[in-house]
Amino acid sequence: MSATAPGRAAGLNPSAPNHRGRTGFWAATGIVAQREIMTRLRSKSFIISTAIMLVLIVGGIIFSAIGPALFDEDTTVATVAAIAPALQGLDGLDIDMLSTADAVRQAVQSGAADAGVVPGSGPSGLLVLADREAPSSLIQMLSVAPELELLDPNAPDPMLTYYIGIGFGIVFFMSAITFGQTIAQSVVEEKQSRIVEIMLAAVPARAILAGKVLGNSVLAFGQIVLIAAAVLVGGAITGSQLVLDGLGMPIVWFVVLFTVGFVMLAALYAAAAALVSRSEDLGTATSPLMMLIMIPYFAVIIFNNNPLALQIMSYVPFSAPVAVPMRVYLQSQAWWEPFLSLAILAAFTVLVIAFAAKVYERSLLKTGSMVKWKDALKG
Amino acid sequence: MLSIHAISRSFNGQRALHDVSFEVHDGLMTGFVGANGAGKTTAMRIILGVLAADSGEVHVDGRPITADNRAQFGYMPEERGLYPKMKVHEQLVYLARLHGMTAAAAGRRADALLEQLGLGERRHDTLESLSLGNQQRAQIAAALVHEPTALVLDEPFSGLDPMAVETTLEVLRDVARSGAPVLFSSHQLDVVERLCDSLIILAHGEVRAAGTREQIRAAHTRPEWVLETDDAGFVRGIGGVEVIEFDGGHVRFTAASDDAADRVLREAIERGSVRSFAPSIRPLNEIFQEVVR
């Protein structure tokens, strides 16, 4: 190396020292968030699993609309000429006219017909023949129905409510856990590899935390919006009244509350991950959070028809993202209640972020065995 | 210049650093030597602001160090770490941006640096796909990518093969030559002795010796000479001289002054033939063993 250009190769130039100064808090947050997002978007497994999930959702909705029609088979009913006119014109029956009652009996026995109708001695004048089980839909069609008046025809179907509860629960559970684990992995990766020391020398710990929470929240929000869009698009394709009329507002509330709730969970996951030094210990550190996420998931399945339980859950920050949309769907609350739930959740999230930032900042350089939460707070 | 003033730090009541002061001069390679657990890493973390000192101050060019100063330092932590699954060039750009460089400048700088370190062709490979030596080079690049105004490297040579030591050394020397203070730690005294302009010996959280090799030697040894002749018994009779070792024709002695030593030589020449006369240089290693005790 020639003595005339020392340092050139390393690119240092002491005569013109750089006066860049420290990267600002939000600039650093942005750079960290950008890396989090790009790392995920470039991950094939992330893209593929998201795509599969969307396909399943749209497919499920379309199938639930047209599926039953595919499997609806006409019931083959054997009968004799005298009764045939009475059966013709009934829906879903395939009538097989035979010459004698005995032939009908044989056809049912051999399985050639699902059921048979022959003249009988009872008040209806009909005798229904079947193998083992009463063909209830056929009997219903041949019976005289009493008059019926529905007092609340628009009340939610309990089965449907149950499935909707499971739906919100699963989406909340899956997204929160997936992205929660992602953020935890990313925190412990930095801690384990010690790159965090290099980062801490350049930017504040809180900016790193903020960047991670922001980046992953953007991803989680994006995924939830995609899921919501898939549900609504599926509903539009099939013209489903349920999806279009009943679930529109609940889905909007779900997206809003989930996004705020996820910021809270993401901050907690980051703090929990900062307590450990190796990714093997992540499970232990994050299991309390797993419980916090699973409880609302199970509670909404169990209590989907219990208005009081849902009301309480809608004011508890951890379960609000699931309980509020259910209550909106069931229309069991005043118009302002979701806003109150949102306010409580947002306020609680601010507190949680302050707490998580403290734990994160103080545990980041502690290596070895897992740091206890209370030690992390003591500093 | 980087100066450390009276830094102390304890962990859970255990003293890691006690009243540590030293200086890292611009343009000099300063070696930080000490056994494992002597407090080298703690001191470096405090300089970088990654850890807070219980008391004491770090100064840059006479003024208390600021976050802005630190953001322009290059740092290599003891346990190596970059993102294993991120491409080398990409992570250099990421780190440079966190240190305040624009993406474009960071990209150009990362290109040049990887080329210089012989990693040009591997720039789009993930870190984990590189050999250990190359990962180490990438780590050096990470400390240099934002054009630092000072370098603090914790054990930069540990685990390096001789080739990689030379490459790394060349890069560090470039930085020092450009006028930046360079501080690096090692528990291998021989490495430090060979590479450093200046040394700081740390033991049990205290500075036991500091200065250039010559200064440290001067401070910790009385000048000694060794004479080889036919019969060296006469040396005992010369004033200002104390014999340390004597065995027939071989004698090792200390002298109060160079004059006294010269008298010994003159006397020896008059008495017979002198096979050898030379100052005995005490190996730094010996001094190190002594001061860290």
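The structure presented is a predicted model; accordingly, all values stated were derived computationally and were not measured.

What counts, and at which threshold
Residues numbered from 1 in each chain as written. Chains lettered and ligands numbered in written order. Predicted model: local features only at pLDDT ≥ 70, side-chain atom pairs only at ≥ 80, totals over all residues. Helix = DSSP H or I, 4+ residues; strand = E, 2+ residues; numbered from the N terminus. Rg over C-alpha atoms; globule rule 2.2 N^0.38 Å. Buried ≥ 20, exposed ≤ 12 C-beta atoms within 10 Å, placed from the backbone. Contact = placed C-beta atoms within 7 Å. Pairing = 2+ DSSP bridges. Axes fitted to C-alpha atoms, helices over the stretch in contact; angles between N-to-C directions. Domains from an automatic or database assignment. Nonpolar A, V, L, I, M, F, W, Y, C, P; charged D, E, K, R; others polar. Parallel < 35°, antiparallel > 145°, perpendicular 65-115°, else oblique. Left-handed = near helix turned anticlockwise from the far one by under 90°. Core = buried A, V, L, I, M, F, W, Y, C linked by C-beta atoms within 7 Å.

Colleague: Could you give an account of the overall build of chain B, naming the residues involved and the relevant values?
Modeller: Helix and strand counts for chain B stand at ten helices and 14 strands. For 293 residues, the compact-globule formula gives about 19 Å, and the C-alpha radius of gyration of chain B, at 24 Å, lies well above that figure. Overall, the C-alpha framework of chain B stretches about 75 × 45 × 30 Å when taken along its three principal axes. Looking at chain B as a whole, 46% of its 293 residues qualify as buried. Taking the contacts inside chain B whose residues are at least 6 apart along the sequence as the reference set, 68% of them involve residues at least 24 apart.

Colleague: Help me get a handle on the sheet that holds strand 1 (residues 2-11) of chain B, residues and values and all.
Modeller: Residues and elements named next belong to chain B. Spatial ordering of the open sheet is given by 2-1-4-5, a layout of four strands whose pairing is antiparallel. In this open sheet, the two strands that pair with only one neighbour each are strand 2 (14-24) and strand 5 (63-64). In this sheet, strand 5 lies alongside strand 4 (residues 55-60) in antiparallel orientation, the contact comprising two bridges. Residue pairing in the sheet places Val60 in a bridge with Arg63 of strand 5. The strands that helix 1 (residues 40-48) touches are strand 1, strand 2 and strand 4; relative to strand 1, the one it contacts most, it runs at about 120°.

Colleague: Summarise unusual backbone geometry; cite the residues concerned and give the values.
Modeller: Residues and elements named next belong to chain B. Even without glycine at this site, Asp19 takes up a positive phi of about 50°. Tracing the chain through its elements places Asp19 in strand 2. Since 13 C-beta atoms lie within 10 Å of it, Asp19 is described here as partly exposed.

Colleague: Break down the domain arrangement of chain B for me, citing the residues and quoting the values.
Modeller: Interface size is commonly expressed as the accessible area that is lost once the parts come together. The domain architecture assigned to chain B consists of domain 1 (2-212) and domain 2 (221-282). Relative to domain 2 of chain B, the C-alpha centre of domain 1 of chain B lies at a distance of 46 Å.

Colleague: Break down the pairing of strand 1 of chain B for me, with residues and values.
Modeller: Residues and elements named next belong to chain B. Of the strand pairs in this sheet, strand 1 and strand 2 are connected by seven bridges, and their pairing is antiparallel. Within strand 2, the position partnered with Ile7 by the bridge is Val20. Where strand 1 and strand 4 come together, five bridges link them in antiparallel fashion. The residue of strand 4 that forms the bridge with His5 is Glu57.

Colleague: Explain helix 3 (residues 88-98) of chain B residue by residue, including any values.
Modeller: Burial analysis of helix 3 of chain B places ten of its eleven residues in the buried class, the great majority of the element. Those residues of helix 3 of chain B that sit buried are B:Val88, B:His89, B:Gln91, B:Leu92, B:Val93, B:Tyr94, B:Leu95, B:Ala96, B:Arg97 and B:Leu98. On its buried face, helix 3 of chain B is in contact with helix 1 (25-41) and helix 7 (195-202) of chain A together with helix 4 (103-116) and helix 5 (132-144) of chain B. B:Gly100 sits one or two residues past helix 3 of chain B and shows a positive phi near 100°.

Colleague: Kindly report on the interface of chain B and chain A, identifying the contributing residues and their values.
Modeller: Each partner contributes to the interface: chain B provides 38 residues, whereas chain A provides 29 residues. Residue assignment for the side of chain B that touches chain A shows that the elements contributing at least two residues are helix 2 (67-71), strand 6 (73-76), helix 3, helix 4, helix 5 and helix 6 (162-177) of chain B. A breakdown of the residues in the side of chain B that touches chain A according to their chemical character gives 20 nonpolar, nine polar and nine charged.

Colleague: Describe the packing of helix 8 (residues 213-220) of chain B against helix 10 (residues 284-292) of chain B, listing the residues and the values that go with them.
Modeller: Residue and element names in this part refer to chain B. The N-to-C vectors of helix 8 and helix 10 enclose an angle of 60°; their axes lie 10 Å apart at closest approach. By the criterion of interaxial angle, the relationship of helix 8 to helix 10 is oblique. In the crossing of helix 8 with helix 10, the sense of the turn from one axis to the other is left-handed. From helix 8, Arg213, Ile216, Arg217 and His220 reach across to helix 10, where they touch Leu284, Ile287, Glu290 and Val291. Here the contact of helix 8 with helix 10 is built from residues that sort into four nonpolar, one polar and three charged.

Colleague: Quick rundown of the nonpolar core? Include the residues and the values.
Modeller: Residue and element names in this part refer to chain A. Counting 159 residues, the largest nonpolar core has Ala270 and Ala273 as its most contacted members. Per element, the largest residue contribution to this core is 18 residues, and it comes from helix 10 (residues 248-274). Those residues in contact with Ala273 that sit more than four places away from it in its chain are Ala184, Val187, Val188, Leu282, Ala285 and Thr286. The next biggest cluster of nonpolar side chains, apart from the first, holds 15 residues, and it includes Leu98, Val117, Val118 and Leu129.

Colleague: An account of the packing of helix 8 (residues 205-238) of chain A against helix 10 of chain A is requested, with residue identities and associated values reported.
Modeller: Angle between the axes and distance between the axes: these two values describe a pair of packed helices. Residue and element names in this part refer to chain A. Contact geometry for helix 8 and helix 10: axes closest at 9 Å, N-to-C directions at 150°. Judged by the angle between their axes, helix 8 and helix 10 are roughly antiparallel. By crossing handedness, the relation of helix 8 to helix 10 is classed as right-handed. Between helix 8, through Leu209, Lys212, Val213, Asn216, Ser217, Ala220, Phe221, Ile224, Val225, Ala228, Val231 and Leu232, and helix 10, the contact on the second element is made entirely by Ile251, Val255, Phe258, Thr259, Phe262, Val263, Ala266, Ala267 and Ala270. Within the contact of helix 8 with helix 10, the residues separate by chemical class into 17 nonpolar, three polar and one charged.

Colleague: Give a detailed account of the domain arrangement of chain A, specifying residues and quantitative values.
Modeller: By domain assignment, chain A separates into domain 1 (75-141) and domain 2 (156-378). Here the C-alpha centroids of domain 1 of chain A and domain 2 of chain A sit 58 Å apart.

Colleague: Provide a residue-level description of the sheet that holds strand 11 (residues 224-228) of chain B, including the pertinent values.
Modeller: Residue and element names in this part refer to chain B. Ordered in space as 12-13-11-14, the four strands form an open sheet in which the pairing is antiparallel. Edge strands, defined here as strands with exactly one partner in the open sheet, are strand 12 (241-247) and strand 14 (276-280). Put simply, the sheet's adjacent strands are angled 20° from each other on average, direction ignored. The sheet contact formed by strand 12 and strand 13 (residues 250-255) spans six bridges and is antiparallel. Residue pairing across strands places Glu242 opposite Thr254, the latter belonging to strand 13.

Colleague: Describe the environment of A:Val108, listing the residues and the values that go with them.
Modeller: Residues and elements named next belong to chain A. Looking at where Val108 falls in the secondary structure, it is placed in helix 4 (residues 101-110). The spatial distance from the C-alpha of Val108 to the C-alpha of Thr76 is 9.5 Å, given a sequence separation of 32 residues. The residues contacting Val108, other than those within four sequence positions of it, are Ala78, Ala113, Ala115, Gly116, Leu129, Ala130 and Asp131.

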